[in-house]
Amino acid sequence: MLDQAKTPFEIRDYIRQQLFPHFMCPGCGHGIALRALLWAIHDLGIAKDDLAIVSGIGCSGRIGAYIDANTFHTTHGRPLAFATGLKLARPDLHVIVITGDGDCLAIGGNHLIHACRRNLDITCLMLNNEIYGMTGGQVSPTTSSDRYTTTTPEGNYEPVFDACKLAQGAGAGFVGREMTLQTPSLKKLIQQGIAHPGFSFLEVISDCTEIYGRKNDLGESAEMVLSQKADFRSASYGMIADEVFQPRNVKTGVLYKDDRPEYAQAYRQKIASRAKK
Amino acid sequence: MTTAVKPVKAPNTPPLTIPRPHNVLIVGVGGQGVIMISKVLATLCQEQGFEVKQSEVHGMAKRGGAVFSHVRFGEIVHSPTIPEGEADVLLALEWAEGMRWMPYLRQQSGTFIADTQRIVPPFACRNRTRGARTGYVGETIQTVMEQVENSFALDAMGIAKQLGVVKAANTVLLGALSTALDFPTEAWKSVISKFVPPQTTKVNLLAFDAGREWALGFDRESELRNIKDTRSLHQESTVEAGADYSRVEITEEWCKGCDICVKFCPERCLIMNEKLIVEMAEPELCTGCRMCEWLCPDFAITVHTPNHVPL
Amino acid sequence: MSSVQNIQGNHACALAAVAAGCRFYAGYPITPSSEIAERMSVELPAVNGIFVQMEDEIASMGAIIGASMGGAKTMTATSGPGFSLKQENLGYAAATEVPCVIINVMRGGPSTGMPTRPAQGDVMQARWGTHGDHPIIVLTPWSVQEIYQQTLRAFDLSEALRVPVVVLIDEVIGHLVESVDLAKMNTGNPVERKWADSSQEDFQPYAHTEDLVPPMPRPGDGYRTHTTGLTHAENGFPTQDPEVANRVISRLLQKLEHHNDLVECVNQSDCKDAEIVIVAYGITARAAQSAKQQLQGEGVKVGIFRPITLWPFPQQTFSEAIANARLVLVPEMNAGQLIVEIERYRNDSTRIIGLNRYDGEPISPQQIFNKVKEVLQDA
Ligand code: SF4
Ligand code: SF4
């Protein structure tokens, strides 16, 4: 742990300033998620040289480039596969995967479930904005019911994926969800996820303001961010402040945690026992 | 004064016969039941033969924002809103909201009834940095009770919980409110019965009684002596008196004009200029809460506070 | 004890990989390559390496690139359908210049085809399987011994030139057991990747170096660079500037040509005065070898041109080799793939004829012999 954790968090120490302003649309929630991630990294005292960011394709995949670390922008849906190789070859690196709902749950779904099952010490940050933004706004596995997208002209009729349940079912050691509106909480969750020795799956409720928001008349950027809570808050009406929010009837915070053996450790133990024989 | 009211420690109830309108201000945050309570009261007043005006503001009702309702009744009522300093009763469903509306309470004779529950909505809350200046009201129950003669701070939720129905907290408050207004208990109860779901009528009436009894038995002096709840979300400011204001640094080239910071700033310090770039308009209002910094997707805002306390 | 052992081609491949310094293997079971994975799962842990069986072919390819980006020498092995699945990430490795070795033990196709039968149908796919212009090296050993040697070489080339290297193994050789002196073939001096060690300031991960192979930054060494499959400038960040794009893609494409002395590997015999040159690779070249002896016994002037490095095709050497030939025969266990490339380099006086089969049976020496006779009669 470096001393940096004791100093104030200055986001500019962690970004490639020469690339700013970044390429995301005005109001895109991914920027807020990026802040929370960098903040968590700062607070954990992780050195930038020891940090490896592996991302996939889509808007989420592009944010890795803005981080002043070892960044790998890989292929669509496959960041977890790349990260698995990287982490196994380099256990000394902190490997964090940034992916999106389409990248992670659709094209990369198989990699997700097996990454969860293996429980290798990787943190997977899935930025869920319910849409394929980069390609112009097609329906994704998490698009809410009845929402309009360029491929659901009459509104979405497909059921929605609960990524956290999936991750838990597949065996991830740590599962959590938070929204960008709650930046400090999101930071804390990411911090816990990274600190967890095993695979941590974190779903970040983010917003695609320009494409999804417009198409569905969800208001301007601020309204969209706010509505994370509006929808989320309904079940907590009349409850006191520290009650857990139940966004759209899904919970936020740490949803699941267990200490089953981490993959690389289990591998090494098996090898050691074989060597003894 | 009805016979049901024990004269022991009845609140200062103005006689209903006076010609000036009677003013009750009910405040809280979205979703708490401010509107329901004011509807009950308005209906009651009307049934009791008064002219009633009820006006409410609940623009942010769904979002944990502030909600308030003015209920005025009397022989003749013209204006629907209560001027500052003229509320006979201020009923607060949330502590900070109660504090915010305190100037509306009639000096000396006004009655203040507040639920001690606290809800810290992102907007009311200023600085969530622990140990730093907080935007949440600093007044503790103690200070309020010392300053306002007719003040009642009750844990309505706690009382309702004891009855096994958390949702009846508002009826507990109605019970307490009933002691400040000279209407027959039965009239209260009959109106309440009309508003609550039929299967919950019984518990709600029990809750009403409980609230009423609590208020009647309230001994301010001994309460003040035994006060345990000195909790306050306000902690001593780590900012020295006279320290500089928080300074908000805006990197214009990075700002994309998404308006998030402008709309989220609890103090409305920021504005969007004609170039669609954000600008600090009211630096002295800024509390350094960092809301704008946290939510700016483009890292265009950095808030410099005199004392940085990491979360 | 003699270091000569009877060993199967697939096992020899695994042993060569370990000898070359491979310390990470990711794979997915597929016939007829599975023995490579099985052997790696035994060998790697013994040398502190990592073996991982991934959830699919795509993930295996991703994992070896990821491990290589971390600094390991890596390999995966597959066959036809699996090779198809690996193509996207293979293109990524080529574009980002991440070294890795891919073994493809070829089987009958198309599609699931004939999993246990030999074929050479992946020749064009190995060259052009992934989209876009890209550099790639493809090696084609013809014996168990050569599997060992060429696997060693695959790692050396991959590390030296930062390029993915594919080894195309014929099913029959992969499953062939031969006596091989492994120790003799192991140079014990594998090529190591050129790591960046210059100043971290303004470091350009894709700099236009003189040798066209920029040193690779290793994570943790302080360079903190960006790696992307998007067309990237010298600084590693995406670009859409036509001038920059042209410059950086050109370097990528010229890289192998620039190092042709390393890359090219041809085995030719008697081509110089040959009237007939047989161009063959892998198991087919072995059949051609027998046929050649038979033909030479009958006085036919025949030579064999065997491109061990199949891609990039050794065009210069080939043109020279066929300078005096009247006829070029290209036997292939496919419907005619390499022949398409060869036709590009013909001279006006040379006839080019294919001999093809794709029925799951290898081409026999007799077939080649007969074909040559037949053509000679026609002429
Ligand atoms: S300008 Fe920013 S720091 Fe200041 S009060 Fe507004 S939101 Fe808070
Ligand atoms: S949140 Fe950031 S980008 Fe949006 S208007 Fe404010 S300063 Fe500009």
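Reading the values: rules and limits
Residues numbered from 1 in each chain as written. Chains lettered and ligands numbered in written order. Predicted model: local features only at pLDDT ≥ 70, side-chain atom pairs only at ≥ 80, totals over all residues. Heavy atoms only, no water. Contact = heavy atoms within 4.5 Å. Buried area = accessible area lost by both parts, 1.4 Å probe. Salt bridge = Lys/Arg side-chain N within 4 Å of Asp/Glu carboxyl O. Polar contact = N/O pair within 3.5 Å; in protein donor to acceptor, adjacent residues only side chain to side chain. Helix = DSSP H or I, 4+ residues; strand = E, 2+ residues; numbered from the N terminus. Nonpolar A, V, L, I, M, F, W, Y, C, P; charged D, E, K, R; others polar. Pairing = 2+ DSSP bridges. Near = heavy atom within 4 Å. Axes fitted to C-alpha atoms, helices over the stretch in contact; angles between N-to-C directions. Expected span 1.5 Å × (residues − 1). Bend = angle between axes of the 7 residues up to and from the residue. Buried < 20%, exposed > 50% of the residue type's maximum accessible area, 1.4 Å probe, protein only. Right-handed = clockwise from strand over helix to strand, strands pointing away.

Trainee: Run through the interface of chain C and chain A, naming residues and quoting values.
Mentor: Listed as interface residues are 37 residues of chain C and, on the opposing side, 34 residues of chain A. Here chain C packs against chain A, burying approximately 3,000 Å² in sum over the two surfaces, 58% of which is carbon and sulfur. When the buried surface of chain C facing chain A is broken down by residue, Glu-55, Pro-219 and Arg-224 of chain C rank first, second and third, together holding 23% of it. Across the contact surface, chain C and chain A share three salt bridges. Its salt-bridge partner being Arg-118 of chain A, residue Glu-55 of chain C comes within 2.4 Å of it at the nearest N-O pair. At the junction of chain C and chain A, the tally comes to 19 residue pairs in polar contact (both at pLDDT 80 or more). Breaking the side of chain C that touches chain A down by element, the ones donating at least two residues are α2 (34-46), β3 (50-53), α3 (57-70), α4 (80-96) and β9 (226-228) of chain C. Here the residues of the side of chain C that touches chain A are counted per class, giving 18 nonpolar, 14 polar and five charged. Bridging between strand β2 (residues 70-73) of chain A and β9 of chain C involves three bridges; their strand directions are parallel. Bridged to Thr-71 of chain A within β9 of chain C is His-226 of chain C.

Trainee: Just give me the short version of the site of ligand 2, but keep the residues and values in it.
Mentor: The environment of ligand 2 is formed by 14 residues, the closest being Cys-255, Cys-258, Asp-259, Cys-261 and Cys-296 of chain B. Its residues assigned to classes, the shell around ligand 2 comprises ten nonpolar, one polar and three charged.

Trainee: Outline the site of ligand 1, listing residues and values.
Mentor: The full set close to ligand 1 counts 15 residues, and Cys-265, Cys-286, Cys-289, Arg-290 and Cys-292 of chain B are the nearest of them. In terms of residue class, the shell around ligand 1 is built from eleven nonpolar, two polar and two charged.

Trainee: For the sheet that holds β9 of chain C, give the residues involved together with the corresponding values.
Mentor: In a beta sheet, neighbouring strands pair by backbone hydrogen bonds and run either parallel or antiparallel. Judged by pairing direction, the sheet is mixed, and its eight strands sit side by side in the order β9(A)-β7(A)-β8(A)-β4(A)-β3(A)-β1(A)-β2(A)-β9(C) without closing on themselves. Each end of this open sheet is capped by a strand with a single partner; those strands are β9 (253-257) of chain A together with β9 of chain C. The mean inter-strand angle of the sheet, taken between neighbouring strand axes irrespective of direction, is 15°. Note that strand β4 (residues 123-128) of chain A and strand β8 (residues 200-205) of chain A share six bridges and pair parallel. When the bridges of β8 of chain A are listed, Met-126 of chain A appears paired with Glu-203 of chain A.

Trainee: Help me get a handle on helix α9 (residues 242-258) of chain C, residues and values and all.
Mentor: All names here are of chain C. Counted at 1.5 Å a residue, the expected span for α9 with its 17 residues is 24 Å, and the 23 Å between its end C-alpha atoms agrees. Along its length, α9 shows its largest kink, about 25°, at Leu-252. Residues of α9 that are buried: Val-244, Ala-245, Val-248, Arg-251, Leu-252, Lys-255 and Leu-256. Close packing links the buried residues of α9 with α4, β6 (137-139), α6 (144-161) and α10 (260-263).

Trainee: Quick one: what's the story with the sheet that holds strand β7 (residues 164-170) of chain C, residue by residue and with numbers?
Mentor: All names here are of chain C. Sheet architecture is open: seven strands sit in the order β3-β2-β4-β5-β7-β6-β13, paired in mixed fashion. The open sheet terminates on both sides in strands that have one partner only, identified here as β3 and β13 (309-311). Taken over all neighbouring pairs, the strand axes of this sheet differ in orientation by 25° on average, direction set aside. Here four bridges tie strand β4 (residues 73-78) to strand β5 (residues 100-106), and the two strands are oriented parallel to one another. Within β5, the position partnered with Ala-77 by the bridge is Ile-103.

Trainee: Describe the environment of Glu-320 of chain C, listing the residues and the values that go with them.
Mentor: All names here are of chain C. Considering the arrangement of structural elements, one finds Glu-320 in helix α12 (residues 315-321). Taking relative accessible area as the criterion, Glu-320 reaches 52% and is therefore assigned exposed. Spatially, the C-alpha atoms of Glu-320 and Lys-272 are 8.4 Å apart, while their sequence positions differ by 48 residues.

Trainee: Outline the pairing of β4 of chain C, listing residues and values.
Mentor: All names here are of chain C. Of all six residues in β4, six are buried, a share of seventy percent or more. Residues Lys-73, Met-75 and Ala-77 of β4 are buried on one face, and the alternating residues Thr-74, Thr-76 and Thr-78, pointing to the opposite face, are buried as well. Pairing of strand β2 (residues 22-27) with β4, which is carried by three bridges, proceeds in the parallel orientation. The residue of β4 that forms the bridge with Tyr-25 is Met-75. What joins β4 to β5 is α4, and the crossover it makes is right-handed.

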